[in-house]
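Coordinate analysis (summary)
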Amino acid sequence: MILLLAAASFLLPLWLSSANLTVYILLGLYAVTAIGLSLLMGLAGQVSLGQAVFFAIGAYTAAVLSLHGLSTVVALVLAPLLAAAVAAVVGVPILRLRGHHLAFATLAFQLIVLSVITNTPFLGGGLGFTAVPGLGIGKATLSSSLGYAWLTWGLTVVVMVVTLNLIRSRPGRALRALATSEAAAESVGVPVVRYKLAVFALSAAYAGVAGGIYVFFIGYASPGSFPVELSVELVVMVVIFGLGSVWGALFGAAGISVLMQVLNQVGTLHGMPQYMPTLLSYAAYGLILVVIVMFLPAGVLPGLRRLWARRPGGREDPMSRQIAPPIASLRSLLRSTRPKTTRADGTPSPEQTRRQ
Amino acid sequence: MSPEDVTRGPAARPPATESPVGPSGVVPLLRTEDLARSFGGVFAVAEVSMSVARGEMRGVIGANGAGKSTLFNLISGHLTPNRGTISYGGKRIEHLAPHERARLRISIVFQTARLFAGMTVLENVMMGAHVWSRHGFFEAALRLPRHRKEEREIRSKAEEALERVGMTPWAATEAESLPLGQQRSLQVARVLCSKPALLLLDEPASGLRAEEKESLAGLLEQLKAEGLTMMLIEHDVGFVSGLADTVTVLDLGRVIAEGPPDEVTQDPAVIAAYIGEGRGRAQRH
Ligand SMILES: Nc1ncnc2c1ncn2[C@@H]1O[C@H](COP(=O)(O)OP(=O)(O)OP(=O)(O)O)[C@@H](O)[C@H]1O
Ligand SMILES: [Mg+2]
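First, a word on scope: everything that follows refers to the structure included in this document.

Next up on the list: the interface of chain B and chain A. Taken together, the contact pairs 34 residues of chain B with 31 residues of chain A. Counting the surface lost from both chain B and chain A, the interface buries some 2700 Å², and carbon and sulfur atoms represent 64% of this. Looking at the side of chain B facing chain A, the largest losses of area belong to B:His99, B:His130 and B:Phe137, adding up to 26% of the total buried there. Counting across the chain B and chain A interface gives two salt bridges. Between B:Glu123 and A:Arg176 there is a salt bridge, and its shortest N-O distance comes to 3.1 Å. Our count for the contact surface shared by chain B and chain A stands at nine residue pairs in polar contact (both at pLDDT 80 or more). Mapped onto the side of chain B that touches chain A, the elements with two or more residues apiece are helix H3 (98-103), helix H4 (121-126), helix H5 (137-141) and helix H6 (145-164) of chain B. Sort the elements by how many residues they give to the side of chain B that touches chain A and H3(B) lands first, with four residues. Split into classes, the residues belonging to the side of chain B that touches chain A amount to 16 nonpolar, nine polar and nine charged.

With that settled, the discussion passes to the coordination of the magnesium ion (ligand 2). Residues and elements named next belong to chain B. Summarising the metal site, the magnesium ion (ligand 2) is bound by the protein donors Ser69 (OG) and Gln111 (OE1), whose distances to it range over 1.9 to 2.1 Å. One end of the pair, Ser69, is in helix H2 (residues 68-76); the other, Gln111, is in the loop between strand E6 (106-109) and H4, and 42 residues separate them in sequence. Judged by relative accessible area, which is 32%, Gln111 ranks as partly exposed.

On to the site of ligand 1. Residue and element names in this part refer to chain B. Residues in close proximity to ligand 1 total 14 residues, the closest being Lys68, Ser69, Thr70, Gln111 and His235. The side chain of Thr70 places a nitrogen or oxygen atom 2.5 Å from an oxygen atom of ligand 1. Surface burial for ligand 1 is 59%, taken as the share of its 630 Å² of free accessible area covered by protein chains. The element best represented in the shell around ligand 1 is H2, accounting for three residues. Looking at the shell around ligand 1 residue by residue, the classes come out as four nonpolar, seven polar and three charged.

Residues and elements named next belong to chain A. In total, this model carries 13 aromatic pairs over all chains according to the counting rule given. Note on Tyr60 and Phe226: the rings are 6.2 Å apart at their centroids and 65 degrees apart in plane angle, and the pair reads as edge-to-face. Of the two residues, Tyr60 sits in helix H3 (residues 52-67) while Phe226 sits in the loop between helix H9 (192-218) and helix H10 (228-240), which places them 166 residues apart along the sequence. Here the aromatic rings of Trp247 and Phe251 are separated by 6.1 Å at their centres, their planes lie at 25 degrees, and the arrangement is stacked. Placement of the pair is Trp247 and Phe251 together in helix H11 (residues 246-267), with a separation of four residues, close to one helical turn. The class for Phe251 is partly exposed, based on a relative accessible area of 44%.

Take B:Phe137: it is sitting in helix H5. B:Phe137 sits in the buried class, given a relative accessible area of 19%. In this structure the C-alpha to C-alpha distance between B:Phe137 and B:Glu153, which are 16 residues apart in sequence, comes to 18 Å. Setting aside its immediate chain neighbours within four residues, B:Phe137 contacts A:Leu166, A:Pro171, A:Leu175, A:Tyr195, A:Ala198, A:Val199 and A:Leu202.

With that settled, the discussion passes to empty space enclosed by the protein. The gaps left among the atoms become clear once a water-sized probe is rolled over them. What the rule picks out here adds up to three cavities of 30 Å³ or more. For the largest cavity, the calculated volume is near 90 Å³. Taken together, A:Ser187, A:Val188, B:Ala102, B:Ser107, B:Ile108, B:Gly128, B:Val131, B:Gln187, B:Arg190, B:Val191 and B:Ser194 form the lining of the largest cavity. Within the residue set of the lining of the largest cavity, elements represented by two or more residues are E6 and helix H7 (180-193) of chain B.

As a further point, take the sheet that holds strand E8 (residues 229-233) of chain B. Residue and element names in this part refer to chain B. In spatial order, the strands read E6-E7-E8-E3-E9-E10; together these six strands make up an open sheet with mixed pairing. Sheet topology places E6 and strand E10 (254-259) at the edges, where each strand pairs with a single neighbour. Across the sheet, the axes of successive neighbouring strands diverge by a mean angle of 15 degrees, strand direction being ignored. Note that strand E3 (residues 57-62) and E8 share four bridges and pair parallel.

In this section: the nonpolar core. A general trend in soluble globular proteins is that nonpolar side chains are found buried together. Judged by nonpolar contacts, the single largest core of 119 residues is most densely connected at A:Phe54, A:Phe55, A:Val190, A:Phe216 and A:Phe226. Sort the elements by how many residues they give to this core and helix H2 (residues 18-43) of chain A lands first, with 16 residues. The contact partners of A:Phe54, leaving out residues within four places of it in the chain, are A:Ala83, A:Val86, A:Ala87, A:Phe109, A:Phe200, A:Ala204, A:Ala207 and A:Gly208. Judged by nonpolar contacts, the second largest core, of 49 residues, contains B:Leu115, B:Trp132, B:Met230 and B:Phe239.

Thresholds, definitions, all that
Residues numbered from 1 in each chain as written. Chains lettered and ligands numbered in written order. Predicted model: local features only at pLDDT ≥ 70, side-chain atom pairs only at ≥ 80, totals over all residues. Heavy atoms only, no water. Contact = heavy atoms within 4.5 Å. Buried area = accessible area lost by both parts, 1.4 Å probe. Salt bridge = Lys/Arg side-chain N within 4 Å of Asp/Glu carboxyl O. Polar contact = N/O pair within 3.5 Å; in protein donor to acceptor, adjacent residues only side chain to side chain. Helix = DSSP H or I, 4+ residues; strand = E, 2+ residues; numbered from the N terminus. Nonpolar A, V, L, I, M, F, W, Y, C, P; charged D, E, K, R; others polar. Donors = N, O, S within 2.8 Å, 3.2 Å for Na, K, Ca; no water. Buried < 20%, exposed > 50% of the residue type's maximum accessible area, 1.4 Å probe, protein only. Near = heavy atom within 4 Å. Areas by Shrake-Rupley, 256 points an atom, 1.4 Å probe, with all protein chains shown as cover. Phe/Tyr/Trp six-rings, centres within 6.5 Å; stacked < 30°, edge-to-face > 60°. 1 Å grid on protein atoms, 1.4 Å probe; cavity = no way out; pocket = protein on both sides within 12 Å on 5 of 7 lines; lining within 4 Å. Points joined across faces, edges and corners; volume = space filled by probe spheres on them. Pairing = 2+ DSSP bridges. Axes fitted to C-alpha atoms, helices over the stretch in contact; angles between N-to-C directions. Core = buried A, V, L, I, M, F, W, Y, C linked by side-chain atoms within 4.5 Å.

And the structure:
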């Protein structure tokens, strides 16, 4: 399966037009980031609504270092390391939080970082950097999109293999265990705090290396390149085909990228108002997220399978009724932002009673 | 009698190191000294000083709310004491986090099953191996030799543990979908897989059917014969008496009696506490 993917991702770019090649490269970079987020949210049960911040940190690390004369290859190696280091540091206070508190904290962290960048001239301020050099060693630079496509998808395949290995191992099981019960995980000897930090740092490293390649490929970085919208997009990619699955994250990234491309084309059709593409993409994220979180918490495919199993005479797998902790916290997030917190039957929701 | 002797505790009860089992003069595996823990000002455990010798099977009995589970949680590190010390193998452990104590091979079966949802029975048991395996993220991600070797070991130990509790046929079942009795057996398998040095069992027999109870007793006998040190909380006095070398009786957080099962169960104070127990149970149901 992985070999098939590797072969396909190597051959596919040879046929793509240059515009599609760009989409293809970005898709790979989002896939890498989404796989990291899937590891964090799906496996370890920790929600991040600010994952794009690590993509940004990777991009800025690569841009700043290479603009100051450091070799681009070295800069690209340092990008994930710095992203991971930042995650390991902010993770210490943030990962004490659970559920939607954690979601808000990660979101807030992204907003803080973006505003720091905007207000720091050394980091290019609000306008950002242009003319970031291309990736290369000495005079040999990666100038064609094809080269970036191979680099990106080579990375994607490596990240997938590494992540699948991790999931099926002692640390992977420990992450799954702490996602269901931290106390029980501790009782079997899992250092919960350290493991949460490690998986947070790892997911940040994935985002960081993707961000590094991104900035060398695009040649430009500004705070506007890494909006909160990108974090939301990553969450949508991760949840749409089922949390915690590496392949789900890959196909989620592909599906959402293609969908956004289509919406963008529809939105820029002749006669459409100028705000149409943005409107459509926001509407799509919102709709997908709400439908998944509220109605198909296990993702589209498992959700449909479950509906099928519920047909008369069908056998429902008790497991499928389970709602993963991150989805549950997104659910409470959606509920807590709902203006009127009354259930359909007129009784106050738990949130409301708690507030009284 | 020197003043030091007086402070060591009521003279009526002999120091627990001279318990009938376990050679005297040898450092006990576990020793608590004046252990106390309160919840909202009420002491759930108070002035508990006891020691458990290596290889001993210690029964812990007492009425509902006597503080038995609290005592176990203090030993396993899930609760921190307000006062007192806990020594294990001669080292103080009361400041250690639960996962650090687990690494010292103190394994606990909780009163209420704490399974890992979304994992199979076998994977749940494999979690027990976390304490004695070492490979981390890096080795796992790259499938380095130690990862491969340990994964094989973990799997075979887990299968062995499942076999011992007779749950091999359910290895691939989702742990949560098991009936309560089997969830308990699964927890026992998980702690067996952790190669424990001190095993804390909090009412492992409750909710089990008669034949399940019997096979559990058989398993505990075997473990005892293998030299494992255990502490067993159980309401069924007959069940404990049949297994334990020594029984400690708690009432309102304090030790009210300690000794061989047949002596302790004749103790008037214990009988009185158990009449209270009967009342407590009647009110509950
Ligand atoms: N986390 C807690 N918060 C508040 N009170 C607690 C807590 N845990 C235990 N208690 C109280 O401490 C006392 C002792 O509880 P504990 O669970 O140790 O009793 P037990 O001997 O295990 O009882 P049982 O036989 O019912 O399991 C009880 O009065 C209980 O209500
Ligand atoms: Mg109890």
